Amino acid sequence: MDITIGRLVAGEETQVRKAYERFEAQPVTDTRLTDNVEPFGPEETTLAGSASAEGVGTFERRKNAVLTLGPSDVPGWWIHRTDLREQLDVKVSVRNVWTSARNIVLRAGSPHNYLRMVEHIVALRLGLGVDNVRLSIAGGDPPLFDRSSLDLVEAVQKAQIIPTGRPARYVTVREPVTIGGQRGDFLTLLPAEPGDKRLHLDVAIAWDTIIGQQRLRVDLTPETFTYGAGARTNATQTQYIFSKTIGKLFADVRNMGYTKDNILIHGKQGFVTTPRPEFDLGDGKSSEPVWHRTMLDLVAAIALIDRGRFIGTVRSYRAGHTLDVRLMTLLYMLDLLEVVD
């Protein structure tokens, strides 16, 4: 097997190679690369204070779903359910993933000690380079925002990222690793080059709607993450109608907080809701979907690696939460992570 694909940990090799051919043939929509080989600094970080963001509940449509981000003396990111007694904080880790079928849900201890749709929150760990945080929320239903995760970015900025005085820990894969899915999708991780502390992302999506084919090559920095954090979740018109009707009967799709402002709805010939102008590609096209997939879905899954800041190169084609999380799990099971000196 060649170095492009590397070790195939799951999936069928022939299908992965065909998917790779489609991936490499797909033109790049946007490129945001940097020469800074250590964009987040050499020291571990936390927050100087606390700040909150408030929005409508994602699944229950509460008007006061409040998420507070604050400092943590304990390494890592932790979820504190203020409405539950005698429950330990849930560590943000692939070890605590309850499900990733439609969104990533983290849980530890009691079945009630969970937080749903964490991806748009925990992506900030890697995206802004803040290593130690305690999230507090009175429930398992996170808030939704019309500007996607920009409210959370601004909360972190308000709380202020500060160094702890301890050196940051970096990890990468020991060798090239690939996982293949069941629908012509794959995810590949390549080891970091010596001295390079960046995370390089090469992400392609393909929809049979106005979204079409999009591909983004970007280095993860606070600037590129903040730009991408404004990209909203996208859904087809059918998915949106389903969530507002029959979908209300099912907990995992009861997205009652969805509105035509906080998600991007797309159809075969055009967008039902207006894409954010900063992602405009002209001719009725928008790069908002690929930016969302990259910064708020894929980066979130990588942030579940709790051994340090992951660096190297990630190539993703048509993948989603389930394949992302499955690969992060296999990295642990197969002992494929190593600390970078």
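Rules and cut-offs
Residues numbered from 1 in each chain as written. Predicted model: local features only at pLDDT ≥ 70, side-chain atom pairs only at ≥ 80, totals over all residues. Heavy atoms only, no water. Helix = DSSP H or I, 4+ residues; strand = E, 2+ residues; numbered from the N terminus. Rg over C-alpha atoms; globule rule 2.2 N^0.38 Å. Buried < 20%, exposed > 50% of the residue type's maximum accessible area, 1.4 Å probe, protein only. Contact = heavy atoms within 4.5 Å. Areas by Shrake-Rupley, 256 points an atom, 1.4 Å probe, with all protein chains shown as cover. Salt bridge = Lys/Arg side-chain N within 4 Å of Asp/Glu carboxyl O. Pairing = 2+ DSSP bridges. Axes fitted to C-alpha atoms, helices over the stretch in contact; angles between N-to-C directions. Expected span 1.5 Å × (residues − 1). Polar contact = N/O pair within 3.5 Å; in protein donor to acceptor, adjacent residues only side chain to side chain. Core = buried A, V, L, I, M, F, W, Y, C linked by side-chain atoms within 4.5 Å. Parallel < 35°, antiparallel > 145°, perpendicular 65-115°, else oblique. Left-handed = near helix turned anticlockwise from the far one by under 90°.

Each helix and strand counted, the protein chain has seven helices and 25 strands in total. For a compact globule of 341 residues, the expected C-alpha radius of gyration is about 20 Å, and the protein chain comes in at 19 Å, within 12% of that figure. Expressed as a percentage of the 341 residues in the protein chain, the buried residues total 56%. In the protein chain, 75% of the contacts between residues at least 6 apart in sequence involve partners at least 24 apart. Only carbon and sulfur atoms are counted for the fraction: they give 49% of the accessible area of the protein chain, which is about 14800 Å².

On to the pattern of salt bridges, then. Under the criterion given, the structure shown has 21 salt bridges. In this structure, Asp151 and Arg147 form a salt bridge, with 3.6 Å as the shortest nitrogen-oxygen distance. By relative accessible area, which is 24% here, Asp151 ends up partly exposed. Note on Arg147: relative accessible area 28%, which makes it partly exposed. Between Asp219 and Arg198 there is a salt bridge, with its nearest N and O atoms 3.8 Å apart. Of this pair, Asp219 sits in strand β18 (residues 213-219) while Arg198 sits in the loop between β16 (186-190) and β17 (199-206), and the two are 21 residues apart along the sequence.

What follows is about the sheet that holds strand β12 (residues 143-144). Sheet architecture is open: six strands sit in the order β7-β6-β11-β5-β4-β12, paired in mixed fashion. Looking at the sheet topology across the chains shown, the edges are occupied by β7 (90-91) and β12. Sheet topology places strand β5 (residues 65-71) next to strand β11 (residues 133-137); five bridges connect them, and they run antiparallel. For Pro71, the partnering residue across the bridge sits in β11 and is Val133. Of the strands in this sheet, β4 (51-57) and β5 touch helix α3 (residues 150-159), which is tilted by about 160° from β4.

Another point: unusual backbone geometry. Unlike most non-glycine residues, Glu86 shows phi in positive territory, near 60°. By the secondary structure assignment, Glu86 is in the loop between β6 (77-81) and β7. Residue Asp283 is not a glycine yet carries a positive backbone phi of 55°. Its relative accessible area of 80% is what places Asp283 among the exposed residues.

Side chains Tyr170 and Thr172 project from strand β14 (residues 170-173) onto one buried face, and the interleaved Val171 and Val173 project onto a second face that is buried too. For β14 and strand β23 (residues 309-310), the ladder comprises two bridges, and the chain directions are parallel. Pairing of Val171 across the sheet is with Phe310, part of β23. Pairing analysis gives four bridges linking β14 to strand β25 (residues 337-340), with the strands arranged antiparallel. Bridge pairing in β25 links Val173 to Leu337.

The next point concerns helix α7 (residues 321-333). Its 13 residues place the ends of α7 18 Å apart at the C-alpha level, agreeing with the 18 Å of an ideal helix rising 1.5 Å per residue. What α7 keeps buried is the set His321, Leu323, Asp324, Val325, Leu327, Met328, Leu330, Leu331 and Tyr332. At the exit of α7 stands Asp335, carrying a positive phi of roughly 55°.

Moving on, we get to the side chain of Arg215. As for its position among the elements, Arg215 is in strand β18. A distance of 2.9 Å separates polar atoms of two side chains, one belonging to Arg215 and the other to Asp202. Ignoring sequence-local partners within four residues, the contact set of Arg215 consists of Phe23, Glu24, Gln26, Pro27, Val28, Thr29, Asp30, Asp202, Val203, Ala204 and Val290.

To continue, consider the nonpolar core. Residues Leu201, Phe225, Ile302, Phe310 and Leu331 are the most contacted members of the largest nonpolar core, which totals 79 residues. Non-local contacts of Phe310, meaning those with residues more than four positions away in its chain, are made with Leu126, Val171, Thr172, Val173, Leu189, Leu199, Ile302, Ile305 and Leu337.

Moving on, we get to the packing of helix α2 (residues 119-127) against α3. For the pair α2 and α3, interaxial distance at closest approach is 10 Å and the crossing angle is 40°. As summarised for this structure, α2 and α3 are arranged oblique, according to the angle between their axes. Viewed along their axes, α2 and α3 form a crossing whose handedness is right-handed. Touching His120, Ile121 and Leu124 of α2 are Leu152, Val153 and Val156, all from α3.

Turning our eyes to something else, we now look at the sheet that holds strand β15 (residues 177-180). Here seven strands make up an open sheet; going across it, the order is β1-β15-β16-β24-β17-β18-β2 and the pairing mixed. Because the sheet does not close on itself, it has two edges, and the strands there are β1 (7-10) and β2 (30-32). In this sheet, neighbouring strand axes are inclined to one another by 10° on average, regardless of whether the strands run parallel or antiparallel. Pairing of β15 with β16 involves four bridges; the strand directions are antiparallel. Across the sheet, residue Ile179 finds its bridge partner in β16, namely Leu187. Lying on the sheet, helix α1 (residues 13-25) is in contact with β1, β15, β16, β17, β18 and β24 (312-317); it crosses β24 at an angle near 95°. Where helix α6 (residues 288-302) meets the sheet, it contacts β2, β16, β17, β18 and β24, and its direction lies at approximately 125° from that of β17.

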